[in-house]
Amino acid sequence: MSETTTSDAPNISGKSILIEGVTKRYPGQKSPAVDGITLEIPAGKIVMLVGPSGCGKTTTLKMINRLIEPTEGRIVLGDEDVTDIDGDELRRRIGYVIQAGGLFPHLTVAANISIVPKMLGWDKKRIADRVDELLELVSLDPADYRDRYPKELSGGQQQRVGVARALAADPPVLLMDEPFGAVDPITRQRLQDELLRIQEELQKTIVIVTHDFDEAVKLGDWIVVFSDGAHIVQYDTPERILAEPANEFVENFIGSGAGLKQLTLRRVGEVELADAVTARPGEVASEVLARAVAAKHNHVVVVDERERPIQWLTRRQLTRLEKITAVREAHLPVVGHRATLNDALDTMLVSSAGAALVTGKRDRFLGVIDVETVMEAITSARASAAASADTPTGTNSGEVSIIAESDLTESSAV
Amino acid sequence: MWDFVQSHFDQIVFSSWQHASLVVQCLALATLLAVGIGALVYRSRSASSAANTITTIGLTIPAFALVGLAITPLGFGVPPAVAVVTFFAILPILRNTVVGLTGVDPGIVESARGIGMSRLRTLLQVELPLAWPVILGGIRVSGQMVMGIAAVAAYVLGPGLGGLIFSGLSRLGGANSLESVLTGLIGVVILALILDLVLIGLGRLTTSRGIRV
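These figures come from a predicted structure and were not determined experimentally.

Parameters at a glance
- Per chain, residue numbering runs from 1 following the sequence as it is written.
- Written order determines the labels here, with chains lettered from A and ligands numbered from 1.
- It should be noted that, the model being predicted, local features are given only for residues of pLDDT at least 70 and side-chain atom pairs only at 80 or more, the latter also being counted only at that level, while totals for whole chains, interfaces and linings use all residues.
- Only hydrogens and water are set aside when side-chain values are computed; all heavy atoms of the structure are taken into account.
- The way it works is that DSSP assigns letters per residue, a run of H or I at least four long becomes a helix, a run of E at least two long becomes a strand, and they are numbered from the N terminus.
- Between buried and exposed lies partly exposed: a residue is buried under 20% and exposed over 50% of the maximum accessible area for its type, with that area taken using a 1.4 Å probe on protein chains only.
- Two strands are said to pair when DSSP picks up at least two bridges between them.
- Axis definition: a line fit to C-alpha positions, over the contact stretch in the case of helices; interaxial angles, taken between N-to-C directions, run 0 to 180 degrees.
- What makes two residues a contact is simply this: any of their non-hydrogen atoms within 4.5 Å.
- The working definition used for a salt bridge is a side-chain nitrogen of Lys or Arg within 4 Å of a carboxyl oxygen of Asp or Glu.
- Nonpolar cores were defined as sets of buried Ala, Val, Leu, Ile, Met, Phe, Trp, Tyr and Cys residues, with membership established by side-chain atoms within 4.5 Å.
- Ring pairs are drawn from Phe, Tyr and Trp, using the six-membered ring of Trp, whenever the two centres fall within 6.5 Å, and their geometry is named by plane angle: stacked under 30 degrees, edge-to-face over 60, tilted for the rest.
- Side-chain atoms alone can form a polar contact between residues adjacent in sequence; in general such a contact is a pair of N or O atoms within 3.5 Å, and within protein one must be able to donate a hydrogen while the other accepts it.
- Each residue receives one of three labels: charged for Asp, Glu, Lys and Arg, nonpolar for Ala, Val, Leu, Ile, Met, Phe, Trp, Tyr, Cys and Pro, and polar for the others, Gly being one of them.
- The patch calculation keeps residues exceeding 30% relative accessible area without a salt bridge and links them within 9 Å when they carry like charges or within 5 Å when they are nonpolar (Val, Leu, Ile, Met, Phe, Trp, Tyr).
- Accessible areas in this description were obtained via Shrake-Rupley with a 1.4 Å probe; residue shielding takes into account the shown protein chains only.
- Left-handed describes a crossing in which the near helix is turned anticlockwise from the far one by less than a right angle; the clockwise case is right-handed.
- Counted as positive: Lys and Arg. Counted as negative: Asp and Glu, with His and the chain ends omitted from the count.
- Just so you know how the angles are binned, under 35 degrees is roughly parallel, over 145 roughly antiparallel, 65 to 115 roughly perpendicular, and the rest oblique.

Novice: Lay out unusual backbone geometry in plain terms, naming residues and giving numbers.
Specialist: All names here are of chain A. The backbone phi angle of A100 is positive, close to 65°, even though this residue is not glycine. Mapped onto the elements, A100 comes out in the loop between β6 (94-98) and α3 (109-113). Phi at Q203 is positive, roughly 55°, even though this residue is not glycine. Examined against the element boundaries, Q203 turns out to sit in the loop between α8 (185-202) and β8 (205-210). Overall, the relative accessible area of 24% leaves Q203 in the partly exposed class.

Here is the structure:
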């Protein structure tokens, strides 16, 4: 395992996966569940497998870690053929997360996370350190959560621990089977954002099965759209699938509002934010007002000593004040810089200012996003999707789409 | 009654000890066997239902008849007593083992396999601990049941409180005969209560806080 732990590697710690000519036939069934699929999954990317239920996407996923043994074909992890190695040994090197986390209810959070390291024979100290590190990674305070049992956690927290457990031995590949299916929409959105944050840090190769196309668009670097028998209908970036669905099947699967869905492709941090006049508690209100007038801004953002926004004052409110207070306003329209434009639009539509405050790392104030910015982003997204239609962007895309196409012809010929 | 207890105190204590020892050892043996058999059959639907049928039929066999039958191959004394008590003790435990193991959430088993636990490790570290409260329920039922059945073992000159009951019954109407029967009976009931308390305590100690209700 140690040669694959690349915690100090600068960028990608994931390995590529190659599924080559893999077929799964169940005895007594006429058509194979998975029909001669060849799929290359580039290292360090998130690849979403989507399709209607029963299309074979989950079977495909489970053949990567050989929870389901392929009838024919090869599975290659990195540059190692893993088709015939011991299945248990293989699975210890691949993280696996299922709906609701699949935690063992009779074990504490720490014990759940340390199962794989224990099987790999790590010493106690190393395991304990790793558990704390992972809990921090998934935003759970180790001191508070280490000794809890799964039933003492919310659904979202269980899911986080499930991710931590899958990452315990620092596997290069993470497989997730409908990971966010069992949580409420708000928690799901938060968990998705968190997965993206973790991925930014770790750069694993992640394969996620989902039936939710919006989730696929939000999380995926690449999306594989399956029809029955795990036939690949389209393998492309989310942008291009939205802009140029391969056929009617994909169009139907995308559903209505493809334009709006493009909003989930762009993150708040990627668009240009408007700057704002900031002030600190204790400043004299009239001076702040003068600054706002000079900058031709109608609002002033009050930030605390750690640069976190606490109030958002209008000029009118400022005229009534003598000094800026340190009161923390309860319902500020704040979005994180990793939130999608869709989320941002949502937030600003309910805020009285028609805009939202954007915060970055550790909730530091970055700037303001308004409806005009979002509109611009939509326009430019359309333009860029049209442009990228002829020239695939990214280094894997040409290669990958060729394989995807050849597989399509190959598998339909079978 | 009190006089009888006082005058036979040593014998009563010895018999009680023998009785309890027979039951506890047979129960331990039966638990091992039943959990072993349960672990072998629970993943096959047909084997599980076969096991269930056998336990159902087994429980209808009159203990007294089985004890008598056991004399031919096993003779008198401890061997037939152990065989019969263990046989009956296995039945409720086996049934609960199969129920408990098949009741484990398949998602949990899948995630155990998915993170690289072998079949055996999954069984020992995940499935059995999760099924344990149900299995322990079976052990408690077994304990109560075989406490009484062990008394019948006295028929083949086995150890325990059954001796007091049988000797009393055989000379009913004679001096101290009723006292002897009652002492045996009450002794069995008290032992059964103590065993159940011990098993409840064992359950507390051995069931993870995470799955306690």
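Now that the structure has been shown, the text picks up again.
Novice: So what's going on with the sheet that holds strand β7 (residues 173-177) of chain A? Which residues, and what values?
Specialist: Residues and elements named next belong to chain A. The six strands lie next to each other as β6-β7-β8-β3-β9-β10, forming an open sheet whose pairing is mixed. Looking at which strands have only one partner, the edges of the open sheet turn out to be β6 and β10 (231-236). Between one strand and the next, the sheet's axes are offset by a mean angle of 15°, whatever the strand orientation. As judged from the five bridges shared by β7 and β8, these two strands associate in the parallel manner. By the bridge assignment for β8, D177 is matched with V209. Where α8 meets the sheet, it contacts β3 (46-50), β7 and β8, and its direction lies at approximately 160° from that of β8.

Novice: Could you give an account of the pattern of salt bridges, with specific residues and numbers?
Specialist: Residues and elements named next belong to chain A. Following the criterion strictly, the structure yields 27 salt bridges over all chains and no others. Taking the shortest distance from any N to any O, the salt bridge between K204 and D170 comes out at 2.3 Å. On the criterion of sequence distance, the pair formed by K204 in the loop between α8 and β8 and D170 in the loop between α7 (155-166) and β7 is long-range, its members being 34 residues apart. What makes K204 buried here is its relative accessible area of 3%. Residues E283 and R291 are paired through a salt bridge, measuring 3.1 Å at the closest nitrogen-oxygen approach. Of the residues examined, E283 reaches a relative accessible area of 21% and is grouped as partly exposed. Three or more residues joined by partner-sharing salt bridges are found here, namely R160, E194, R197 and E201.

Novice: Lay out the sheet that holds strand β13 (residues 309-314) of chain A with the relevant residues and their values.
Specialist: Residues and elements named next belong to chain A. Taken together, the three strands give an open sheet; going across it, the order is β11-β12-β13, and neighbouring strands pair in mixed fashion. The open sheet has two edge strands with one neighbour each: β11 (277-279) and β13. Across the sheet, the axes of successive neighbouring strands diverge by a mean angle of 30°, strand direction being ignored.

Novice: Now, about the nonpolar core: what can you tell me, with residues and values included?
Specialist: Ranked by internal contacts, the top residues of the largest apolar core, which has 60 residues, are F104, I113, M176, I208, F213 and I223 of chain A together with M117 of chain B. In terms of residue count, helix α5 (residues 124-137) of chain A provides more of this core than any other element does, five residues in total. When near neighbours in sequence (up to four residues on either side) are disregarded, I223 of chain A contacts M48, V50, A216, V217, Q234, Y235, D236, P238 and I241 of chain A. Formed by 51 residues, the second largest nonpolar core is a distinct cluster that contains I12, V85, I149 and A153 of chain B.

Novice: Would you mind going over the environment of S111 of chain B in detail, with residue names and values included?
Specialist: Its place among the elements puts S111 of chain B in helix α6 (residues 106-114). Placed 11 residues apart in sequence, S111 of chain B and T122 of chain B show a C-alpha to C-alpha distance of 9.8 Å. Not counting the four nearest positions on each side in its chain, S111 of chain B is found in contact with Y96, I98, G102, F104 and R165 of chain A.

Novice: Help me get a handle on the packing of aromatic side chains, residues and values and all.
Specialist: According to the stated counting rule, one finds five aromatic pairs over all chains in the structure shown. Ring plane angle 75° and centroid distance 5.9 Å describe the contact between W222 of chain A and Y235 of chain A, whose orientation is recorded as edge-to-face. With a gap of 13 residues between them, W222 of chain A in strand β9 (residues 222-227) and Y235 of chain A in strand β10 connect regions that are remote in the sequence. Look at W222 of chain A and you get buried, because its relative accessible area is 4%. Here the aromatic rings of F64 of chain B and F166 of chain B are separated by 6.4 Å at their centres, their planes lie at 20°, and the arrangement is stacked. Taken together, the positions of F64 of chain B in helix α4 (residues 63-74) and F166 of chain B in helix α8 (residues 162-170) put the pair 102 residues apart, joining distant regions of the chain. For F166 of chain B, a relative accessible area of 27% corresponds to the partly exposed category. What links up through ring pairs into an aromatic cluster is the set F213, F249 and F253 of chain A.

Novice: Tell me what's going on with the interface of chain A and chain B, and back it up with residues and numbers.
Specialist: Chain A puts 23 residues into the contact, and the matching count from chain B is 21 residues. Our count for the chain A to chain B interface comes out at three salt bridges. The tally of links from chain A across to chain B stands at 11 residue pairs in polar contact (both at pLDDT 80 or more). For the side of chain A that touches chain B, the elements supplying multiple residues, two or more each, are α2 (87-92), β6 and α4 (115-119) of chain A. Looking at the side of chain A that touches chain B, its residues break down into 12 nonpolar, three polar and eight charged.

Novice: Tell me about a nonpolar patch on the surface, and please be specific about residues and values.
Specialist: A cluster of nonpolar side chains, contributed by M1, L169, L172, L178, L182, L185, I186, I190, I194 and V198 of chain B, occupies part of the molecular surface with about 890 Å² of accessible area. Among the secondary structure elements, L182 of chain B is positioned in helix α9 (residues 177-206).

Novice: Pulling in residues and values, what's your account of the packing of helix α5 (residues 78-102) of chain B against helix α7 (residues 119-152) of chain B?
Specialist: All names here are of chain B. Where α5 contacts α7, the axes come no closer than 7 Å and their chain directions differ by 145°. Relative to α7, the crossing made by α5 is right-handed. Tallied by class, the residues present in the contact of α5 with α7 amount to 19 nonpolar, six polar and one charged.

Novice: Can you explain the side chain of K57 of chain A? Please cite residues and give values.
Specialist: Residue and element names in this part refer to chain A. Mapped onto the elements, K57 comes out in helix α1 (residues 57-64). No salt bridge forms around the buried K57; measuring N to O, its nearest opposite-charge neighbour E178 is 4.6 Å away. The contact partners of K57, leaving out residues within four places of it in the chain, are L49, V50, G51, P52, E178, V209, T210, H211 and F226.

Novice: Explain the packing of α7 of chain B against α9 of chain B to me, and be specific about the residues and the numbers.
Specialist: Residue and element names in this part refer to chain B. In contact at an axis separation of 10 Å, α7 and α9 are set at 165° when each is read in the N-to-C sense. As the angle between them shows, α7 and α9 are arranged roughly antiparallel. The handedness of the crossing between α7 and α9 is right-handed. Of the residues in α9, those in contact with W132, L136, I139, R140, G143, Q144, M147, G148 and A151 of α7 are V188, L191, A192, L195, D196, L199, I200, L202, G203 and T206. A per-class count over the contact of α7 with α9 returns 12 nonpolar, five polar and two charged.

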